[in-house]
Amino acid sequence: MKRSALKIFVLTVCVVVMSIAGCGNQEPPSVKKSRLIAVENMQLTKELGQRNKEIERLNELHNKESKKQEKLLAKCVQEKESWKQKARQNVRNQVKGVFDAVMEQNVKLSEENEKLKAQIEKLQQ
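Reading the values: the criteria
- For every chain, the first residue of its written sequence is number 1, and the numbers climb from 1 along that sequence.
- With pLDDT at 70 or above as the cut-off, local features in this predicted model cover only qualifying residues; side-chain atom pairs require 80 or more to be listed or tallied, and sums for whole chains, interfaces and linings still use all residues.
- To get the side-chain values, all heavy atoms of the structure are used, and hydrogens and water are removed first.
- Numbering of helices and strands runs from the N terminus; a helix is a DSSP stretch of H or I covering at least four residues, while a strand is a stretch of E covering at least two.
- Each residue's exposure class comes from its accessible area (1.4 Å probe, protein chains only) as a fraction of the maximum for that residue type: buried when under 20%, exposed when over 50%, partly exposed otherwise.
- Here the Shrake-Rupley method, with its probe set to 1.4 Å, supplies the accessible areas, and only the displayed protein chains count as covering residues.
- Whenever Lys or Arg places a side-chain nitrogen within 4 Å of a carboxyl oxygen from Asp or Glu, that contact is recorded as a salt bridge.
- Only residues whose relative accessible area exceeds 30% and that form no salt bridge enter a patch; like-charged residues are grouped when within 9 Å of one another, and nonpolar side chains (Val, Leu, Ile, Met, Phe, Trp, Tyr) when within 5 Å.

Right, let's get into the overall build of the protein chain. Counting its regular elements, the protein chain contains two helices and zero strands. Counting all 125 residues of the protein chain, 0% fall into the buried class. Accessible area for the protein chain stands at about 12,700 Å²; split by element, carbon and sulfur atoms hold 60% of it.

Encoded structure:
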């Protein structure tokens, strides 16, 4: 029985020691650890500032390039319209040239047709 009581006593002491050790408040970080955290925070803040500057620079570069591309696109569209207009005018000129030649030939053929009709009438009389 003494052994059982001794075991219970030792077990009770262990439980009490463990509960006291486990339930204690955690100590605040040491001064050294706090300084390290502060230095790291400053470095991260500095890096963040540099990244923000880089983002701004890249955004400005992107905007400039975008405007440049828009101007180039507008110029290309204008040139395309100019070439379309020139092509239409060229087609009109070619058609007009052919049309004029056909009309001139039509007039000549009509005159020749009238002459031939007149000759046929003379021959029939």
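Take the pattern of salt bridges next. For the structure shown, the criterion picks out three salt bridges. Close ionic contact of Lys108 with Glu104 constitutes a salt bridge, the shortest N to O distance being 3.7 Å. You can see Lys108 and its partner Glu104 sitting in helix α2 (residues 31-124), four residues apart, about one turn around the helix. Owing to a relative accessible area of 48%, Glu104 belongs among the partly exposed residues under this scheme.

Together, Leu6, Phe9, Val10 and Val13 make up an exposed nonpolar region whose accessible area comes to about 380 Å². Its location among the elements puts Val13 in helix α1 (residues 2-23).

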